[in-house]
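# Structural features, examined
Spelled out, the chains give:
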Amino acid sequence: SPHQSNVTSSGAIIVAIISLEAFAGMWINAFIVCVLCIGWVRKKTLNSNEKILLLLGCSRICFLCFSWIYSFLYIIYPNYLHVHTILQIIASFQTFVNYSNLWVSASLCVFYCIKIANFRNSIFNYLKVKIERMVLWLLLGSGVSAFAMGIITYDLTETMQSNNITVTCLGNFWEASKKMDKHFFTSFFLHCFAYAASFMVVTFSAVLLLFSLWRHKCKMQTNSMKDLSMDAHIRAMKSILSFLVMYNINFVCSVLTMYYSLMNENIVTHLLSMYIYAFPGVHSLILIFSNPKLEKALLKILSCVKCE
């Protein structure tokens, strides 16, 4: 029918866009991982910043890969997801890598804030001294919290599948939603809380770092210091501000995606997912151009390609 053909064509367009974003993001993050691994092999060591970037790149590759698989099956072959445990396994692993991505990026923002920002505070100075030792604990905490959310998602997806069966029988979503047990709403609340917690950590760290950089830039202007150092601070501020804006939009899209998924609004959910899948690649590009080592490696590769 014409309606079915329109749905199929729109689904194909969405899959094409999501695929383009996912593969571009995977290539960008694969570049970060390769550059850091090559440096690791040569120098036999990684600093704290590179450890976070390496784990962030790996988690984003996994997130984009499994998110693309999930979207492809959901739009093109939705019947495969009705097989018992397949949807639960895919959704729980996708949640694990998604929260790993969120919390590792939040850890990176906290690391930059403590390492770069300058405040006359005893607690802040203590954290600045201990931040190198705290990195492993930050990453470990990110992995444990992401694993816990993956387990919750497995149970949550199973609850949603059982309620979808009820909807099919009654034909009324709102009547079926009244029968959802208390555990479902608890799981949904935990998901929202995890998103909000990472959002608050990133926002608070970025605002503190922006304030510190802005204050330092004003001091440099009054002292008539070198323009090169001034340009570096302005560049850092632009990078942090762009990440903060992107992260805020990503947070809103993630919450709306969870809401419209609950309402079975598939088209709106996939439209919002387009930005969510674009975020890891675009933010990784910002990280590349704000890191001298990664930027130098990228420009070197681009110059070689241009010469050939």
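Cut-offs applied
- Residues numbered from 1 in each chain as written.
- Predicted model: local features only at pLDDT ≥ 70, side-chain atom pairs only at ≥ 80, totals over all residues.
- Heavy atoms only, no water.
- Helix = DSSP H or I, 4+ residues; strand = E, 2+ residues; numbered from the N terminus.
- Buried < 20%, exposed > 50% of the residue type's maximum accessible area, 1.4 Å probe, protein only.
- Contact = heavy atoms within 4.5 Å.
- Areas by Shrake-Rupley, 256 points an atom, 1.4 Å probe, with all protein chains shown as cover.
- Expected span 1.5 Å × (residues − 1).
- 1 Å grid on protein atoms, 1.4 Å probe; cavity = no way out; pocket = protein on both sides within 12 Å on 5 of 7 lines; lining within 4 Å.
- Points joined across faces, edges and corners; volume = space filled by probe spheres on them.
- Nonpolar A, V, L, I, M, F, W, Y, C, P; charged D, E, K, R; others polar.
- UniProt positions renumbered as here; feature names shortened; annotations may be inferred.
- Core = buried A, V, L, I, M, F, W, Y, C linked by side-chain atoms within 4.5 Å.
- Salt bridge = Lys/Arg side-chain N within 4 Å of Asp/Glu carboxyl O.
- Phe/Tyr/Trp six-rings, centres within 6.5 Å; stacked < 30°, edge-to-face > 60°.

## Some remarks on the overall build of the protein
Looking only at helices and strands, the protein features nine helices and zero strands. In the protein, the succession of α and β elements from N to C terminus is α-α-α-α-α-α-α-α-α. Taken across its 308 residues, the protein has 43% of its residues classed as buried. Restricting to contacts in the protein with at least 6 residues of sequence separation, those with at least 24 account for 76%. For the protein, the accessible area works out to roughly 17,400 Å², and carbon and sulfur atoms hold 71% of it.

## Structural notes on helix α3 (residues 86-116)
Since the α-helix turns once every 3.6 residues, residues separated by three or four places project in the same direction. An ideal rise of 1.5 Å per residue puts 45 Å on 31 residues; α3 measures up with 45 Å between its terminal C-alpha atoms. Of all 31 residues making up α3, 23 are buried, and the element is well covered by its neighbours.

## As for empty space enclosed by the protein
For the structure shown, the criterion picks out two cavities of 30 Å³ or more. Contributing to the lining of the second largest cavity are Phe-63, Asn-98, Asn-101, Leu-102, Asn-250, Ser-254, Ile-276 and Phe-279. Broken down by secondary-structure element, the contributors of at least two residues to the lining of the second largest cavity are α3, α7 (227-262) and α8 (266-290). Broken down by class, the residue content of the lining of the second largest cavity amounts to four nonpolar, four polar and no charged.

## A closer look at unusual backbone geometry
Positioned with a positive phi, Lys-44 is a non-glycine residue whose angle comes to about 65 degrees. If you trace the backbone, Lys-44 turns up in the loop between α1 (2-43) and α2 (48-75).

## A word on the UniProt feature "transmembrane region" (unreviewed entry) in the protein
The feature "transmembrane region" (unreviewed entry), as annotated in UniProt, sits at residues 12-41, 53-76, 96-114, 135-154, 188-211, 240-261 and 267-290 in this numbering. Summarising residues 96-114: 100% helix, 0% strand, and an end-to-end C-alpha distance of 27 Å. Secondary structure across residues 135-154 comprises 100% helix and 0% strand; the distance between its end C-alpha atoms is 29 Å.

## Quick notes on the nonpolar core
Membership of the largest hydrophobic core comes to 28 residues, with the highest contact counts inside it found for Tyr-99, Tyr-195, Val-202, Leu-209, Ile-240, Phe-243 and Tyr-247. When residues of this core are traced back to their parent elements, those giving at least two are α3, α4 (122-170), α6 (182-223), α7 and α8. The dominant element in this core, judged by the number of residues it contributes, is α6, at eight residues. If near-sequence neighbours (up to four positions away) are discounted, Tyr-99 is found in contact with Ala-146, Met-149, His-191, Ala-194 and Tyr-195. Membership of the second largest hydrophobic core comes to 24 residues, among which are Leu-36, Leu-108, Ile-131 and Val-135.

## A closer look at the side chain of Asn-291
Structurally, the position occupied by Asn-291 is in the loop between α8 and α9 (292-307). What makes Asn-291 buried here is its relative accessible area of 12%.

## Topic: the pattern of salt bridges
According to the stated counting rule, one finds two salt bridges in the structure shown. Here Glu-50 and Lys-293 are joined by a salt bridge, their closest N and O atoms 3.2 Å apart. Pair noted here: Glu-50 is in helix α2 and Lys-293 is in helix α9, with a separation of 243 residues, a long-range link. Its relative accessible area of 28% is what places Lys-293 among the partly exposed residues. Between Glu-132 and Lys-115 there is a salt bridge, with the nearest N and O atoms lying 2.6 Å from each other.

## A look at the side chain of Ser-92
The residue Ser-92 is located in helix α3 in this model. Residue classification places Ser-92 among the buried positions, given a relative accessible area of 13%. When sequence neighbours within four positions are dropped, the list of residues in contact with Ser-92 reads Gly-150, Thr-153 and Tyr-154.

## A word on the environment of Thr-269
For Thr-269, the position within the fold is in helix α8. Owing to a relative accessible area of 10%, Thr-269 belongs among the buried residues under this scheme. For the pair Thr-269 and Tyr-259, spaced ten residues apart in the sequence, the C-alpha separation amounts to 8.6 Å.

## Section: the environment of Trp-27
The residue Trp-27 is located in helix α1 in this model. Take Trp-27: its relative accessible area is 68%, and that puts it in the exposed class. In this structure the C-alpha to C-alpha distance between Trp-27 and Ile-61, which are 34 residues apart in sequence, comes to 8.3 Å.

## Structural notes on the packing of aromatic side chains
Going through the model one piece at a time under the given rule, you end up with six aromatic pairs. Ring centres 4.4 Å apart and planes at 50 degrees place the aromatic pair Phe-66 and Phe-93 in the tilted group. Taken together, the residues Phe-66 in helix α2 and Phe-93 in helix α3 connect sequence positions 27 residues apart. Exposure remark for Phe-93: the relative accessible area of 33% places this residue in the partly exposed category. Through pairs of rings, three or more aromatic residues link up here, namely Phe-66, Phe-93 and Phe-96.

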